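Listed below, chain by chain, are the residues.
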Amino acid sequence: MLVQTSNFHSSPDDEHHIFTLPQIQREYRKTVAGKFLLVSFARPQKIRTTGGEITVREIIVGLNRDDYASSLFTIDASGTVVGHAKYDGGSCIEILKTIKQFDHDI
């Protein structure tokens, strides 16, 4: 559900061009160097976001803040890291609360 609320994404059909490749790579590396939630699909899934339809093989949610899930990336069918912006903050808070119930070190 969180991915569906994404208003902007860096996929090849991004019509807004608000992302740069070095920015996405830097933020992704920083996220996965810490704590994160990974959701993997056996086959790529099409997900309709607020910012348009994307293909997703993996979802990465950063857990490197104490107050909410702090970043959102997807990996598409070709292995490209896609950054997301302006997604539902309430969902980010709920994701982190839920994960903290299972892992108190988060």
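Residues numbered from 1 in each chain as written. Predicted model: local features only at pLDDT ≥ 70, side-chain atom pairs only at ≥ 80, totals over all residues. Heavy atoms only, no water.

1. Some words on the overall build of the protein chain
Just so we agree on the cut-off: Under the DSSP-based scheme used, a helix requires at least four consecutive residues in state H or I and a strand at least two consecutive residues in state E, with every element numbered from the N terminus. Radius of gyration here is computed from C-alpha atoms only, and the compact-globule reference equals 2.2 Å multiplied by the residue count raised to the power 0.38. Partly exposed residues are those whose accessible area sits between 20% and 50% of the maximum for their type, while under 20% is buried and over 50% is exposed, using a 1.4 Å probe and protein chains only. Only heavy atoms enter the contact rule, under which two residues are in contact if any of them lie within 4.5 Å. We get accessible surface area from the Shrake-Rupley algorithm with a probe of 1.4 Å; when it comes to residues, only the shown protein chains can shield them. Under this rule, positive means Lys or Arg and negative means Asp or Glu; His and the chain ends count for nothing. One atom stands in for each charge, and that atom is NZ of Lys, CZ of Arg, CG of Asp or CD of Glu.
A count of helices and strands for the protein chain gives two helices and five strands. What you see in the protein chain, going N to C, is helices and strands ordered as β-α-β-β-β-β-α. Computed over the C-alpha atoms, the radius of gyration of the protein chain is 13 Å, within 12% of the 13 Å expected from 2.2 N^0.38 for a compact globule of 106 residues. Of all 106 residues assigned to the protein chain, the portion counted as buried reaches 33%. Considering only contacts within the protein chain whose residues lie at least 6 apart along the sequence, 54% involve residues at least 24 apart. Carbon and sulfur atoms provide 52% of the accessible area of the protein chain, an area that totals close to 6,500 Å². A gap of 2 Å separates the mean positions of the 12 positive and 13 negative side-chain charges of the protein chain.

2. Things to note about the side chain of His 9
Heads up, the condition is: The term polar contact refers here to a pair of N or O atoms within 3.5 Å; inside protein, the definition further demands a hydrogen-donor-capable atom paired with an acceptor-capable atom, and it admits residues adjacent in sequence only when both atoms are side-chain atoms.
Relative to the elements of secondary structure, His 9 occurs in strand β1 (residues 8-9). Judged by relative accessible area, which is 3%, His 9 ranks as buried. One polar contact links His 9 to Ser 11, side chain to side chain, over a distance of 2.8 Å. Within polar-contact distance, the side chain of His 9 engages the backbone oxygen of Gly 51 at 3.3 Å.

3. Looking at the sheet that holds strand β4 (residues 71-75)
Counted only if it meets this: Only strands that DSSP links by at least two bridges are regarded as paired with each other. Between N-to-C directions, angles cover 0 to 180 degrees, with each direction set by a line fitted to C-alpha atoms, over the stretch in contact for helices.
Pairing is antiparallel across the open sheet formed by five strands, whose spatial order is β1-β5-β4-β3-β2. With partners counted over all chains shown, the strands left at the sheet margins are β1 and β2 (36-49), one partner each. Bridge count between β2 and strand β3 (residues 52-62): 10 bridges; the pairing is antiparallel. Bridge pairing links Gln 45 to Val 56 in β3. Set on the sheet, helix α1 (residues 21-32) makes contact with β2, β3, β4 and β5 (81-85); between it and β4 the angle comes to about 105 degrees.

4. A closer look at the pairing of β4
For β4, the buried fraction is high: five of the five residues fall into the buried class. Neither face of β4 is open: one carries Ser 71, Phe 73 and Ile 75, the other Leu 72 and Thr 74, and all of them are buried. With five bridges connecting them, β3 and β4 associate as antiparallel partners. Bridge assignment links Gly 62 to a residue of β4, and that residue is Ser 71.

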